[in-house]
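# Inside the fold
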Amino acid sequence: MKTENKWFTRHALGSAVAVALTATTATSLYAQENTDITEAEEAETTEKISVLGSRIRKGGFDSASPLDIVLTESALKQGIGDLGGLLRNSSSIAGSSQVTPASSTAFVQNGGEGAQTIGLRGLGPNRTLVLINGRRTGPAGTRGGVSSFDFNILPLAAVERLDILKDGASSLYGSDAVAGVINVITKKEDGGEVAVFSSLPTESGGEEFRVNATYGKTFDNGSFSATVDYRKQSELVKGDRDFYNCGEQYIFDQDTGERADTIDPRTGSAWCNDLLWGHVWLYDYQDGDSDNVPTGAKAQFDYDGDLGNYLPPLANEPGNDAQLRMPPGWFLVNYDRASDGVTNADHPFQDQESFIPEIETTTVFLQADYSITDNIEVYAETLLNRRESSANGYRQFWSYKYNETFFATDSLSEGWTGSQWLSPTAITDHNDSGQTVDYTRFVAGITGDINDDWYFDAYVQTSKSDGDYYNDIIYNDSIVDQNFASGSCVGQTTSVREVACVDVPWLSPDLLNGVVSDDVRQFLFGRDFGNTEYTQTTVEAFVSGSLFEMPAGTVGMAIGASYQEDEIVDTPGEQTLLSNVWGASAAGITQGKDETVAVFTEFSVPLLDDLPMVEFLDLEISGRYTDVKSFGSDSTYKIGLNWGLTEEWRVRASKGTSFRSPALFELYLADQSSFLGQRAVDPCINWGANLETGAITETIANNCAADGIASDYVGGAISATVFTGGGAGVLEAETSVSRNAAIVWTPDFADISFSVDWFDIEISGEVTQLGGANLVRRCYSSEFFGSGEPLCDQFDRDPADQRIVDVRDSFINIASQRNRGYDVKFSYTFEAAGGEVEFYTEHTFQKEAQRALFADTLEDENGEFGEPKHVASYSLSYLKNNWSLDWAVNYVGAVSNVQSYFDRVGRNTATYRGQEVDIVLGAESVMYHNFSGAYSFDDEGILVRIGLSNVFDKEPPRVTTLNLGELNSQGNSAFYSQYLARGRSLFVNASYEF
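So, here's what we can say about the structure. Residue positions are counted from 1 within each chain, in the order its sequence is given. Per-residue local features of the predicted model are confined to residues with pLDDT of at least 70, and side-chain atom pairs are confined, for both listing and counting, to 80 or more; whole-chain, interface and lining totals are unaffected and use all residues. The basis for every side-chain value is the complete set of heavy atoms in the structure, and neither hydrogens nor water enter the calculation.

Let's shift gears to the overall build of the protein chain. When helices and strands are tallied, the protein chain shows 19 helices and 52 strands. Its C-alpha atoms give the protein chain principal-axis dimensions of roughly 110 × 60 × 50 Å. Think of it in three bands: with a 1.4 Å probe and only protein chains considered, a residue is buried below 20% of the maximum accessible area for its type, exposed above 50%, and partly exposed in between. Looking at the 994 residues of the protein chain, the share that counts as buried comes to 58%. Working rule for contacts: check all heavy atoms of both residues, and any pair within 4.5 Å makes them a contact. Taking as baseline every contact in the protein chain between residues at least 6 positions apart, the subset at least 24 positions apart corresponds to 73%. In the structure as shown, the protein chain presents an accessible area of about 38200 Å², 52% of it carried by carbon and sulfur atoms. Numbering goes from the N terminus for both helices and strands, where a helix is a DSSP run of H or I of at least four residues and a strand is a run of E of at least two. We get accessible surface area from the Shrake-Rupley algorithm with a probe of 1.4 Å; when it comes to residues, only the shown protein chains can shield them.

Structure, rendered in structure tokens:
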């Protein structure tokens, strides 16, 4: 494996093109052939290559399709430890927010917690096809939403490079390739290597460690290679970083420009408002001017004995039995600015919540090929991977109770009297989760030459993702059975588990603070275990070769067929199946199977060559007919032109259609019903007070008023039922059109390459699901409310008490999504100071990121958080003898949601407790710098690289956190995949070759 200065191979475009010119996306007989060949024979060999985007072997790397090549070597230079992190730095991917282990833990995302998936052009991972060595690979993950490849599966150590086809390619590769294709090319090298990598943030939390070994050997008739890899991503909890451990409001006085945050007098600092805890929510039914419960007020226990220093005591009139009375030690909070400051909303449990979960992966990857004749070769691959991930969480949980005197009364509500219902809301850290996903993939194939002009390739691929998952749960029958109960439940049994009932001390300050006795803990809390299996089998075969000669060259053709079978079985835990998990969805078993049969063909036609301003002009055409058992059939095509004006200048353009049949989970997700408390689903509850605090926007308030809901509406006492399920028989396939054009310049006078690619992808009938609470909130946030907003037809209110009764949230086809913009790439290599300097940069400028839920509800998110208009990367390397110095920069352009907010609200400010304040809904551009240096001890086969990532310790941008409905935030910061969470990190990579 040793070669002099092998470590310091050419960076980016120069080396990538060299690699691509000597490798094929399908196994090639020419990769490890007899080295004793003539120059003529070598030229003949070089002609017979194929690249991503075509199955026709051609005489060069140029094609009509836009292709990026990412070398895994660049990950080592930047301190990146996994494929997902490396891909997220590519400009065609960095321009949109991606699914990361952090985001899949914070939100419900396809693939389950800990997954990391990639979607090109902001169109989602379901629309980006992932191949390994040119062949399909199945998805992985947990729960019913498994549909995409998880980049935790394959380690960096096994990968040579990543080819990214940035163009719709359904006619070539099938229905998933709407936005493009990522082809993972694995290493095939002689010799062995052992490597160790560690990345240590300068602040504790989020450490990363990896160790791997590889070995390969070439024989007379074949070769094999093996990689074994172990990686551990340590947990990063929110308390590890200042910008995540306290959600300050971050609002500003309009006159002075100074911070206008509420101050917590107990600390003298800005109030932390992450998640309210330890309160008794009050449903007040007093009439008249003597009401002693301010709108929105909640009861809070004085844990530290100092609330009396900041709050007035509860006012009571003798003989007025309707007024609220509470036991000693309780105060009303959260009804004005002063009381907000002492409202408990930052529990210590929050500091222990996982931001990045702990992830451990163990991988074995094997590949081999053997020539059974001079012209025919068989090959095989085996991939075995286990991902174990776990996350710590915390949450609220609540009950509904009568007090001692109102309505039916409850003797357990001692000391609480008046015309109120009570909803004690406790906090708990019983909200952990974990996953163990075993992934297996096997490939067997045969390839060879039919004659001098034609070759064939056929393979079968089968993959299986087997994921066990668990979640801490709260038993629904332990809470709901006793809602609005009168007195003790001792002697009763619960309705589902049929266990002896235990009186939960709902009004105990200890319980509300997360201190739970053993008997109550056993009664309330449990753990549910589920399993998800996803299997995929693919059989594909094609032949490719030369049809006939034309004056400008040889007409090439490829033709083939494929069969694919996908099956998913997701079995939730026992209590989930029994609809006995409080605050979570009840679900059945998701089970579905689909079959896809396709035939495809491709032509490469040389139209002109050797004419003035026409060095060459090639036409590329491909077509595919696909029949999906669950959907039906459709045809797609792609046509491209590749025009070499001169030896230095080239123009290319293409247009193609794609379609994507709905994923299995979108079709067959088992009918689910969940229960959302009214205050979780209904944005119109106390909309008057919430408008004052900035918890809702003016648009929501105005639309709630227009719906006939009073500003002090307290909400219903019965939870809303949210119905979801698959859309089999209802959903239609997505269709899309992709357009691309580019100009490429490669001058002779210097080692320079420059290109500009324009792209435009439009999807019609996109499949999506909004979420129950999000659906209702979008209705009331819509500027089309009252004039036909379709989302408002997806839920019902009870005419008696105006509570939301049902929400219908199944998968739907929305109108359209469109992304367009252009990419710019530039590379330059030159000699300087006795060494070689390499500079490379790539940019994506997004011009449009439109999405329309329905035909008349178009929104453009371009330039907003998660969709920056400009992203880029830069790298500068200096190589001399055994030394290498590398500087890499990842750039995220400025973003702003101000216009989006203004379109909904009509102003650029917010109101908090009657004060109009300035808010921050944007961020300046940020540049993440990474520096490293390496030295190669050639004689010993040792390489050592040391570096810093995020050299200047850039933090995620701070934003206003007033629940304005515009941003995803955690703590003080915007929460999107473009922004780094770990901070500055020292990384070391050491390897030994033998």
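Still more ground to cover, so stick around.
The next thing to look at is the sheet that holds strand β5 (residues 180-186). The mixed open sheet is built from five strands, whose spatial order is β1-β4-β5-β2-β3. In this open sheet, the two edge strands, each paired with only one partner strand, are β1 (67-71) and β3 (135-136). In this description, strands pair whenever DSSP reports at least two bridges between them. Looking at chain direction, strand β4 (residues 159-165) and β5 are connected through six bridges and run antiparallel. Bridge pairing in β5 links Asp-163 to Asn-183.

Let's shift gears to empty space enclosed by the protein. The rule is simple: put a 1 Å grid over the protein atoms alone, call a set of points where a 1.4 Å probe fits but cannot get out a cavity, call an open set with protein on both sides within 12 Å along at least five of seven lines a pocket, and count a residue as lining if it has an atom within 4 Å of a point. Grid points are joined across faces, edges and corners, and a volume is the space filled by probe spheres set on the points. Here the structure, examined in full by the defined rule, presents twelve cavities of 30 Å³ or more. Size it by volume and the largest cavity reaches roughly 580 Å³. Along the walls of the largest cavity sit 40 residues, with Arg-136, Ser-175, Asp-176, Gln-536 and Gln-564 positioned nearest its centre. Within the residue set of the lining of the largest cavity, elements represented by two or more residues are β2 (128-132), β3, β24 (525-550), β25 (553-571), β27 (590-611) and β28 (614-628). Think of it as three bins: nonpolar holds Ala, Val, Leu, Ile, Met, Phe, Trp, Tyr, Cys and Pro, charged holds Asp, Glu, Lys and Arg, and polar takes everything else, Gly as well. Residues of the lining of the largest cavity, tallied by class, amount to 14 nonpolar, 16 polar and ten charged.

Further remarks concern the sheet that holds strand β10 (residues 252-253). Read from one edge to the other, the open sheet built from three strands follows the order β10-β46-β45, with strand pairing classed as antiparallel. Two strands lie at the open edges of the sheet, namely β10 and β45 (909-912), each paired on one side alone.

Attention now goes to the nonpolar core. Formed by 40 residues in total, the largest nonpolar core has its most connected members in Val-280, Leu-332, Phe-397, Trp-416, Leu-511 and Leu-524. Within the residue set of this core, elements represented by two or more residues are β13 (279-284), β15 (330-333), β19 (395-398), β21 (420-428), α11 (509-512) and α12 (518-524). If one sorts the elements of this core by residue count, β15 sits on top with four residues. Excluding residues that lie within four positions of it along the chain, Leu-511 makes contacts with Phe-397, Ala-426, Ile-427, Val-504, Pro-505, Trp-506, Val-516 and Val-520. What makes a nonpolar core is a set of buried Ala, Val, Leu, Ile, Met, Phe, Trp, Tyr and Cys residues whose side-chain atoms join them at distances within 4.5 Å. Core analysis: the second largest hydrophobic core is formed by 31 residues, Leu-87, Ile-93, Val-178 and Ile-761 among them.

A pair of sulfur atoms, both from cysteines and within 2.5 Å, is called a disulfide here. For the structure on display, the rule yields four disulfides. In this model, Cys-489 is linked to Cys-501 through a disulfide, with the two sulfur atoms separated by 2.0 Å. With the S-S bond torsion at -90°, the cross-link from Cys-489 to Cys-501 turns out left-handed. Separated by twelve residues along the polypeptide, Cys-489 in the loop between α10 (476-479) and α11 and Cys-501 in the loop between α10 and α11 bring together distant segments of the chain. With respect to burial, Cys-489 and Cys-501 carry one shared label: buried. Between the sulfur atoms of Cys-684 and its disulfide partner Cys-704 the distance amounts to 1.9 Å. Because the sign of the S-S torsion sets the handedness, a value of about -80° for the bond joining Cys-684 and Cys-704 places this disulfide among the left-handed ones. One end of the pair, Cys-684, is in the loop between α15 (678-681) and α16 (687-693); the other, Cys-704, is in helix α17 (residues 698-706), with 20 residues separating them in the sequence.

All right, on to helix α19 (residues 898-905) then. Taken together, the buried positions of α19 are occupied by Ser-900, Tyr-901, Arg-904 and Val-905. Viewed along the axis of α19, the buried residues span an arc of 115°, placing them on a single side of the element. Residues of α19 that are buried make contact with α17, α18 (772-781) and β45. Downstream of α19 by one or two residues, Gly-906 has phi in the positive range, about 90°. This arc is taken over the directions from the axis of the helix to the C-beta atoms.

Further remarks concern the pairing of strand β22 (residues 433-449). Bridge count for strand β18 (residues 376-391) against β22 is 16 bridges, and the pairing is antiparallel. Residue pairing across strands places Asn-385 opposite Tyr-439, the latter belonging to β22. Summarising the sheet, β22 and strand β23 (residues 455-474) pair through 17 bridges and their orientation is antiparallel. By the bridge assignment for β23, Thr-440 is matched with Lys-464. Linking two consecutive strands that pair antiparallel, namely β22 and β23, is a turn of five residues.

Let's shift gears to the packing of α17 against α18. Every axis in this analysis is a line fitted to C-alpha atoms, fitted for helices over the stretch in contact. Angles between the N-to-C directions lie between 0 and 180 degrees. Orientation of α17 relative to α18, taken along the N-to-C sense of each, is 85°, at an axis distance of 7 Å. Our classification of the angle between α17 and α18 gives roughly perpendicular. Facing Thr-699, Ile-700, Asn-703 and Cys-704 of α17, the residues of α18 in contact are Arg-777, Cys-779, Tyr-780 and Ser-781. Looking at side-chain class alone, the contact of α17 with α18 contains four nonpolar, three polar and one charged residues. Each angle is binned into one of four classes, with values under 35 degrees roughly parallel, values over 145 roughly antiparallel, values of 65 to 115 roughly perpendicular, and all other values oblique.

You can see Pro-683 is positioned in the loop between α15 and α16. Not counting residues within four places of it along the chain, the set of residues in contact with Pro-683 comprises Ile-696, Ile-700, Cys-704, Val-776, Arg-777 and Tyr-780.

Another point: a negative patch on the surface. A cluster of like negative charges, contributed by Glu-783, Glu-859, Asp-860, Glu-861 and Asp-903, occupies part of the molecular surface. Tracing the chain through its elements places Glu-783 in the loop between α18 and β36 (795-797). Two distance rules govern patches: like charges are joined within 9 Å, and nonpolar side chains (Val, Leu, Ile, Met, Phe, Trp, Tyr) within 5 Å, applied only to residues with over 30% relative accessible area and no salt bridge. Only one rule defines a salt bridge in this text: a Lys or Arg side-chain nitrogen within 4 Å of an Asp or Glu carboxyl oxygen. In this tally, Asp and Glu contribute negative charge and Lys and Arg positive charge; neither His nor the terminal groups of the chain are included. Positions of charges follow a simple convention, taking NZ of Lys, CZ of Arg, CG of Asp or CD of Glu.

Once that is clear, we can look at the packing of aromatic side chains. Stacked, edge-to-face and tilted are the three classes for Phe, Tyr and Trp ring pairs, Trp counted by its six-membered ring, which pair at centre distances within 6.5 Å; planes under 30 degrees apart are stacked, over 60 edge-to-face, the rest tilted. In total, this model carries 42 aromatic pairs according to the counting rule given. On the numbers, 5.1 Å between centres and 50° between planes, the contact of Phe-355 with Phe-975 is tilted. Taken together, the residues Phe-355 in strand β16 (residues 354-356) and Phe-975 in the loop between β51 (973-974) and β52 (985-993) connect sequence positions 620 residues apart. As far as the burial class goes, Phe-355 and Phe-975 line up, both buried. Aromatic pair Tyr-780 and Phe-795: ring centres 6.0 Å apart, planes at 45°, arrangement tilted. Here the residue Tyr-780 occupies a position in helix α18, and Phe-795 occupies one in strand β36, the gap between them amounting to 15 residues. Grouping residues by exposure puts Tyr-780 and Phe-795 together as buried. An aromatic cluster is built from Tyr-283, Tyr-285, Tyr-400, Tyr-402, Phe-406, Phe-407, Trp-421 and Phe-484, whose rings are joined through pairwise contacts. Two conditions define a charge sitting above a ring: the NZ of Lys or the CZ of Arg must be within 6 Å of the ring centre, and it must be within 35 degrees of the ring normal. The aromatic ring of Phe-542 is capped on one face by Arg-55, whose charged end is 5.5 Å from the ring centroid. Over the aromatic face of Phe-759 sits the side chain of Arg-121, whose NZ or CZ is 3.6 Å from the ring centroid.

On their own, these measurements won't tell you what the molecule is for.
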